[in-house]
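# Observations on the three-dimensional arrangement
The chain contents come next:
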Amino acid sequence: MHVPDAVVVASARTPIGRAHKGSLVGIRADDLAATAVRAALDKVPGLEPERIEDLYLGASNHTGEQSQNLGRRVAVLLGRDDLPAVTVNRACASSIQTTRMAFHAIRAGEGEAFLSVGAESVSRYLPAPTGTEHPDFAAAQDRTAQRATGGRGAWRDPREVGELPDYYIPMGQTAENVAEHCGISREDQDAFALRSQQRYAEAADAGFHSRLIAPVKLTDGTSVEHDDSPRPGTTLDGLAGLRPVFRPGGTVTAGNSCPLNDGASALVVVSDTLAATLDVPVKARVLGTAVSGLSPEIMGLGPVEATRRVLEGCGLKTGDLDVVEINEAFAAQVLASQRALGLDEDKVNVHGGAIALGHPFGMTGARLIGQAMQILHERDLELALVTLCVGMGQGMAIVLQRTA
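Below or above, wherever it landed, is the structure these notes cover. What you see is a predicted model; the values in this text were computed from it and never measured. (Residues numbered from 1 in each chain as written. Predicted model: local features only at pLDDT ≥ 70, side-chain atom pairs only at ≥ 80, totals over all residues. Heavy atoms only, no water.)

## A word on helix H3 (residues 94–107)
We count it as follows: Here a strand is any run of E in DSSP of at least two residues, a helix any run of H or I of at least four, and the numbering for each starts at the N terminus. A helix's residues, less one, multiplied by 1.5 Å, set its expected span. Exposed residues in this analysis have more than 50% of their type's maximum accessible area, buried residues have under 20%, and partly exposed residues fall in between, with area computed by a 1.4 Å probe over protein chains only.
Taking 1.5 Å of rise per residue, 14 residues should cover 20 Å, and H3 covers 20 Å from first to last C-alpha, within 8% of that figure. A large share of H3 lies buried, amounting to eleven of its 14 residues. Three or more residues of H3 are buried, namely Ser-94, Ser-95, Ile-96, Gln-97, Thr-98, Thr-99, Arg-100, Ala-102, Phe-103, Ala-105 and Ile-106. Positive phi shows up at Gly-109, right after H3, with a value of about 75°.

This is the structure we're talking about:
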């Protein structure tokens, strides 16, 4: 019996706005997502709407406008009240998770077409209570607070001394822990951040990013067509002059971290048998996915084990990869993961990453998939890895293969 493969036949993303002060502050997350989905579906005109089995949407914040099953609201906005939908949260990897769900459903024979969507509007968050902190985490919170103000010694794995890690730790503190634990210097972080800005700018000048973007119409009739966050005039001297923002004497700055952002992305994932009947080229085959867990205090190293697991499952080695997209939450964590995996830096984030263009949490996974597929096709390459660290201590990875 033929076990169907899951293939991606279309992708689209909105521009990425800068949170609170950028071009998309007036646009709801569900409207951003609907824009991305429409643009992706427009690229597959032969796909009959009733063939779409389900819409999976990933988002990191499920309060306010992003609450009450954001994905289902997107389906209705599309005029598809007959289309079921679900919203899931694996933080920064949420729309890698939705792609994984489509992959699994197709492999299980539960449908032939799915929408994998990611969306986040940080600009429009309501204050989100985290709930009562578990008393067992009190000591971990105290430890983190002391380190944030310059106290305590070098970071150590809490589990080695019988302590619980800090589940509530701010992400910037995790980046400082990774930099310290893995010996990632401030100079290397700033150099990586500059490279991200330069690579993004070079790709943008060549029209690469424009080929991925679906413009967003504003209420005044104008459209947003470009990302807000890139800073093409960035210099090493400028980066070196920024103060650490998370820890006295630290190395993590606003320049070598991703900004806060708004945006959405969408993928059309179908079975290979259905794809053969559609008059569109297949962008990539999903070869495998993997997740991993680790201490929340060093969550930036999540891509390491997730990548090892997915490569083992696919029968591949790092040297087989042609393209690698590691989400740039912080330069420290990308460099630490890249070095631990022995990745070729000339294959990593070749058109820039989130330090330059931004990181709307739920959006990013599907955006990275779309970007990786585009690079495979434009450079006539075969295999791509997409991987992310995940807040609260996880990693996720997916391997894609260009099929034509």
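## Section: the pairing of strand E1 (residues 6–13)
As a reminder, the rule being used: Note on pairing: DSSP must find at least two bridges between two strands before they are called paired.
With respect to burial, E1 is a largely interior element, eight of its eight residues being buried. In the sheet, E1 pairs with strand E8 (residues 261–271) via seven bridges, with the strands oriented antiparallel. Within E8, the position partnered with Ser-11 by the bridge is Leu-267. Looking at chain direction, E1 and strand E9 (residues 284–293) are connected through two bridges and run antiparallel. Bridge assignment links Val-8 to a residue of E9, and that residue is Ala-284.

## Details of the pairing of E9
In terms of strand pairing, E9 meets strand E12 (residues 394–401) through eight bridges, oriented antiparallel. Considered in E12, the bridge of Gly-293 is made with Gln-394.

## As for the packing of helix H5 (residues 171–182) against helix H10 (residues 331–341)
For the record, the criterion: The axes used here are C-alpha line fits, helices contributing only the stretch in contact, and every angle between their N-to-C directions lies in the interval 0 to 180 degrees. For classification, angles of less than 35 degrees are called roughly parallel, those exceeding 145 degrees roughly antiparallel, those between 65 and 115 degrees roughly perpendicular, and all remaining angles oblique. Two helices crossing with the near one rotated counterclockwise from the far one by less than a right angle form a left-handed crossing, whereas a clockwise rotation gives a right-handed crossing. Note on definitions: a residue-residue contact is assigned when non-hydrogen atoms from the two residues lie within 4.5 Å. Each residue gets one label: Ala, Val, Leu, Ile, Met, Phe, Trp, Tyr, Cys and Pro are nonpolar, Asp, Glu, Lys and Arg are charged, and the others, such as Gly, are polar.
Packing of H5 against H10 brings their axes to within 8 Å, and their N-to-C directions diverge by 40°. By the criterion of interaxial angle, the relationship of H5 to H10 is oblique. Seen along the crossing, H5 lies across H10 with a hand that is left-handed. Seen from H5, the contacting residues are Ala-175, Val-178, Ala-179 and Cys-182; seen from H10, they are Ala-332, Gln-333 and Ala-336. Split into classes, the residues belonging to the contact of H5 with H10 amount to six nonpolar, one polar and no charged.

## Here we look at the environment of Asp-220
Heads up, the condition is: Here a polar contact means two N or O atoms within 3.5 Å. Within protein one must be a hydrogen donor candidate and the other an acceptor candidate, and residues neighboring in sequence count only if both atoms are side-chain atoms.
Its place among the elements puts Asp-220 in the loop between strand E6 (216–217) and strand E7 (223–224). Here the side chain of Asp-220 touches Thr-222 through a polar contact of 2.6 Å, side chain to side chain.

## Notes on unusual backbone geometry
The phi torsion at Asn-69 lies on the positive side, around 60°, for a residue other than glycine. Among the secondary structure elements, Asn-69 is positioned in the loop between strand E3 (54–58) and helix H2 (70–77). With a phi close to 50°, Ala-91 is a non-glycine residue in the positive phi region. Looking at the secondary structure, you find Ala-91 in the loop between strand E4 (85–88) and H3. Taking the relative accessible area as the measure of exposure, Ala-91 reaches 8% and is therefore buried.

## Looking at the side chain of Arg-195
Among the secondary structure elements, Arg-195 is positioned in helix H6 (residues 186–205). According to the relative accessible area criterion, Arg-195 is buried, its value standing at 16%. Residues contacting Arg-195, with those up to four places away along its chain left out, are Gln-338, Glu-345 and Val-348.

## Here's the deal with the packing of aromatic side chains
The criterion, for reference: In this scheme Phe, Tyr and Trp rings, the latter by its six-membered ring, pair at centre separations within 6.5 Å, and the angle between planes marks the pair as stacked below 30 degrees, edge-to-face above 60, and tilted otherwise.
Throughout the structure, instances matching the rule amount to five aromatic pairs. Residues Tyr-56 and Phe-114 carry aromatic rings whose centres are separated by 5.5 Å and whose planes lie at 15° to one another, so their mutual orientation is stacked. Taken together, the residues span a long stretch of sequence, with Tyr-56 in strand E3 and Phe-114 in strand E5 (residues 113–121) at a distance of 58 residues. For Tyr-56, a relative accessible area of 9% corresponds to the buried category. Of the residues examined, Phe-114 reaches a relative accessible area of 2% and is grouped as buried. Aromatic pair Phe-137 and Tyr-168: ring centres 5.8 Å apart, planes at 90°, arrangement edge-to-face.

## Let's talk about the environment of Ala-336
Along the chain, the position of Ala-336 falls in helix H10. The exposure class assigned to Ala-336 is buried, which follows from its relative accessible area of 5%. Excluding its chain neighbours within four sequence positions, the residues that come into contact with Ala-336 are Val-178, Cys-182, Ile-184 and Leu-301.

## Quick look at the pattern of salt bridges
Side chains that differ in sign of charge can pair as their charged atoms come close. Which entries qualify depends on this criterion: Just to be clear on terms, a salt bridge is a Lys or Arg side-chain nitrogen sitting within 4 Å of an Asp or Glu carboxyl oxygen.
Applying the stated rule across the entire model yields 20 salt bridges. Here Arg-28 and Asp-30 are joined by a salt bridge, their closest N and O atoms 3.0 Å apart. Two residues, Arg-80 and Asp-82, come together in a salt bridge whose shortest N-O distance is 2.8 Å. Overall, the relative accessible area of 13% leaves Arg-80 in the buried class. Residues joined by salt bridges that share partners form a network here, namely Arg-28, Asp-30, Glu-65, Arg-73 and Arg-124.

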